[in-house]
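For reference, the chains in residue letters:
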Amino acid sequence: MKLYRIFLIAAFSLLGTIASLTAAQDLPNILWITSEDNGPQLGCYGDKYAITPQLDKLAAKGMRYTRASSNAPVCAPARTTIISGLYPPTNGSEHMRSMTQLPAALKMYPNYLREAGYYCTNNKKEDYNIEKTGEVWDESGNKAHWNKRPQGKPFFAIFNSTISHESKIRNAIDVKDRIHDPANAPIPAYHPDTAITRKDWAQYYDRMTQMDTISGNDLKAVHDAGLDEDTIVFYYGDHGSGMPRSKRWPYFSGLNVPLIVYFPEKWKHLAPKDYQTGGTSDRRVSFVDLAPTVLSIAGIKPKTTMQGHAFAGKFQTKEHPYSFGFRGRMDERYDLVRTVLGKDYIYIRNYMPHRIYGQHIDYMFQTPTTQQWFDLYHAGKLNQAQSRFWQTKPAEELYELAKDPDEINNLAQSAGHQDILKKMRYAQQRWASGIKDVGFLPEAEVHSRSIGSTPYEMGHDPTKYDFDSIFAAANLASSMKAGDLPAIVKLLNDKDSAVRYWGAIGLLCHEKEGMEAGHQALIKALSDASASVQIMAAESLGRYGSDDDAKKALDVILSHCNVETGDVYEAILAANALDYLGKRALPKLAEIKALPLKPNNGPKRVAGYVGRLLPEIIGKLEKK
């Protein structure tokens, strides 16, 4: 009898294992092939200069999205969007190489896939702006591969190619890989047409061909394993090209990515409803949609906390009219931009119009095109379209994509486009309110207000974050309407430090006129309880006030530039303000030279940014 019971237990255990394996095998394998710093410069997207046969083949048997977009035009925030299923402005992770946390109840999407029986691998880049929660991957690194999965387990696997990255445009390339003639390179209207620009664009396309080969090898591995008909494939780039004004800028050129999906016959019931072999879709899909989509494909109902919409699988949703983009701090330079992408138009809202588009970012300026473009502008050798990148911004921009693919003809003031402008402006405002966009806080306050919780929870707590008041202040401050100056001055008397912060920015936007309108309020703000308010008030007085004003302002700014004794985010903000003071910072050159370049402790991912700014500032001051 004992042996019989043992036999029954073993039999039931075996049946359970078989049932489990069968259930697992009834799930599709999912392969994501990704590449860095490239838009849809592929043959299958109609680019006649591109040589990309492998991805062209995938598109021929799959479907291409023509309005797919990264929500961020730079890698770390883009990846953060994907892994979390949340817009980074909702959880304080929009800034380049920042680091925040998710609430304990929220998980990254691979956690859910693993719970459903998937073997999940990531080869190899992570680079998230949020801390990983739990055991996210079965394996992540340059040796991670789906072929290590236990027998019977479906896989979810990412293979990421870096060969098209911005850094590969400006490094050495083998002669055998130089296959694109620079003379035939397509040059956008905003770039100067020079030999250097052509060389950089040609090398970018050369790298795209190399990326295509790598992607083909990833597809071949699946084919050689006999898994073609069991594997759903996505290919996408992580944002626009690494060329200046694409990467880092939420224009269509910076956000638009290639997205090719392939559903084999066995799994076509999970395909998007508009799926057509060899076809295209103009549905607006973006990176925030990828997490809910992959869960939906795996038969998992997307979590209600996820802010995107599944466009394939069991739980796919209806098409949405817009997708949204954002720009925060890019390495060492602060900015705040929000984008709405529709089918025909793209709307851009600049909340820091006093900053030029092409602020000096050390990494971006290593590209030869950037350096020459900057030099040609200051030599007065560019036309209007080519010059705009080096000038301050309007509050709003609107572009018609079919007629103006390079986005150089701003229609925001066009009488015939006001209805479209209003609709897209409203969409941006409604989106910001819906996600509780915490990007309208100074970065230091994103962290200080979140102590004891997380930026996401803080942003959804009206006692810690009065979104409506702060957002209204940001819209008023960045309106660029002289008639708003009296109301902007009043912002500096508000009880909320973030409202006061926007009051100071608003006066700075109006330059000398703004400083004069709010002079007394700015002087008072130099001793504000918030360092961020102090710094922005000091920049306004330091740039546009009297010599006495500038002296006081310089002292305030320098008091916050020390990363060893102060807050690193305040130090980045202060170093930016110091740079914009120009020659008025000369009296303190010796003190500036003595400032430390790195903090002793604190967030490691942003530790080097003050160290990039200070040498740049010192070099310019020594030339004065």
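Each remark here, short or long, concerns the structure printed above.
Note that the structure is a prediction, hence the values are computed from the model and not measured.

Peer 1: Explain the packing of aromatic side chains to me, using residue names and the numbers behind them.
Peer 2: Across all of its chains, the model carries 37 aromatic pairs by this definition. Judged by centre distance (4.9 Å) and plane angle (85°), the rings of Tyr-351 and Phe-440 are edge-to-face. With Tyr-351 in the loop between strand E13 (345-350) and helix H9 (368-378) and Phe-440 in the loop between helix H11 (418-435) and helix H12 (443-448), the pair connects residues that are 89 residues apart, well separated along the chain. These aromatic residues form a ring-pair network of at least three members: Trp-32, Tyr-65, Tyr-109, Trp-137, Phe-156, Phe-234, Tyr-236, Phe-263, Tyr-275, Phe-287 and Phe-311.

Peer 1: Lay out the side chain of Glu-36 in plain terms, naming residues and giving numbers.
Peer 2: Secondary-structure assignment places Glu-36 in the loop between strand E1 (29-35) and helix H2 (53-61). Using a relative accessible area of 1% as the deciding quantity, one classes Glu-36 as buried. In this structure the side chain of Glu-36 is engaged in a polar contact, spanning 3.2 Å, whose partner is the side chain of Arg-79. Among the polar contacts made by the side chain of Glu-36, one reaches the side chain of Lys-125 at a distance of 3.1 Å. Once you skip the residues sitting within four places of it in the chain, Glu-36 turns out to touch Arg-79, Lys-125, Asn-160, Ser-161, Thr-162, Ser-164, His-165 and Asp-238.

Peer 1: A description of the pattern of salt bridges should follow, citing residues and the corresponding values.
Peer 2: Inspection of every chain in the model, using the stated rule, returns 45 salt bridges. The residue Glu-407 makes a salt bridge to Arg-245 at a minimum N-O spacing of 3.7 Å. Of this pair, Glu-407 sits in the loop between strand E14 (396-400) and H11 while Arg-245 sits in the loop between strand E7 (231-237) and helix H7 (252-255); the two residues are 162 residues apart in sequence, bridging distant segments of the chain. Arg-245 shares its class with Glu-407; the two are buried. Residues joined in a network through salt bridges with shared partners are Asp-37, Glu-166, Arg-170, Lys-247 and Arg-248.

Peer 1: Describe the sheet that holds E14, and please don't skip the residues or the numbers.
Peer 2: Spatially, E11-E12-E13-E14 is the arrangement adopted by the four strands of the open sheet, whose pairing is antiparallel. Looking at strand neighbours, the two that pair on one side only are strand E11 (323-327) and E14, the edges of this open sheet. Sheet twist, expressed as the average angle between the axes of neighbouring strands with direction ignored, equals 15°. Relative to E14, E13 is paired through five bridges, and the arrangement is antiparallel. Within the sheet, the bridge partner assigned to Tyr-345 lies in E14 and is Glu-400.

Peer 1: Let's hear about the packing of helix H20 (residues 547-559) against helix H21 (residues 568-580): which residues, and what values?
Peer 2: Between H20 and H21, whose axes approach to 8 Å, the crossing angle comes to 145°. Where H20 crosses over H21, the two elements pack in a sense that is left-handed. Facing Leu-554, Ile-557 and Leu-558 of H20, the residues of H21 in contact are Ala-574, Ala-577 and Leu-578. A class-by-class count of the residues in the contact of H20 with H21 yields six nonpolar, no polar and no charged.

Peer 1: Account for the pairing of E7, with residues named and values stated.
Peer 2: Most of E7 sits inside the fold, with seven of its seven residues counted as buried. Side-chain alternation along E7 places Thr-231, Val-233, Tyr-235 and Gly-237 on one buried face and Ile-232, Phe-234 and Tyr-236 on a second face that is also buried. Relative to E7, E1 runs parallel, the two being bridged by seven bridges. Looking across to E7, one finds that Ile-33 is bridged to Tyr-235. Relative to strand E8 (residues 259-262), E7 runs antiparallel, the two sharing four bridges. Each bridged residue has a counterpart across the sheet, and for Phe-234 the counterpart in E8 is Val-261.

Quick notes on the rules
- Residues numbered from 1 in each chain as written.
- Predicted model: local features only at pLDDT ≥ 70, side-chain atom pairs only at ≥ 80, totals over all residues.
- Heavy atoms only, no water.
- Phe/Tyr/Trp six-rings, centres within 6.5 Å; stacked < 30°, edge-to-face > 60°.
- Helix = DSSP H or I, 4+ residues; strand = E, 2+ residues; numbered from the N terminus.
- Buried < 20%, exposed > 50% of the residue type's maximum accessible area, 1.4 Å probe, protein only.
- Polar contact = N/O pair within 3.5 Å; in protein donor to acceptor, adjacent residues only side chain to side chain.
- Contact = heavy atoms within 4.5 Å.
- Salt bridge = Lys/Arg side-chain N within 4 Å of Asp/Glu carboxyl O.
- Pairing = 2+ DSSP bridges.
- Axes fitted to C-alpha atoms, helices over the stretch in contact; angles between N-to-C directions.
- Left-handed = near helix turned anticlockwise from the far one by under 90°.
- Nonpolar A, V, L, I, M, F, W, Y, C, P; charged D, E, K, R; others polar.

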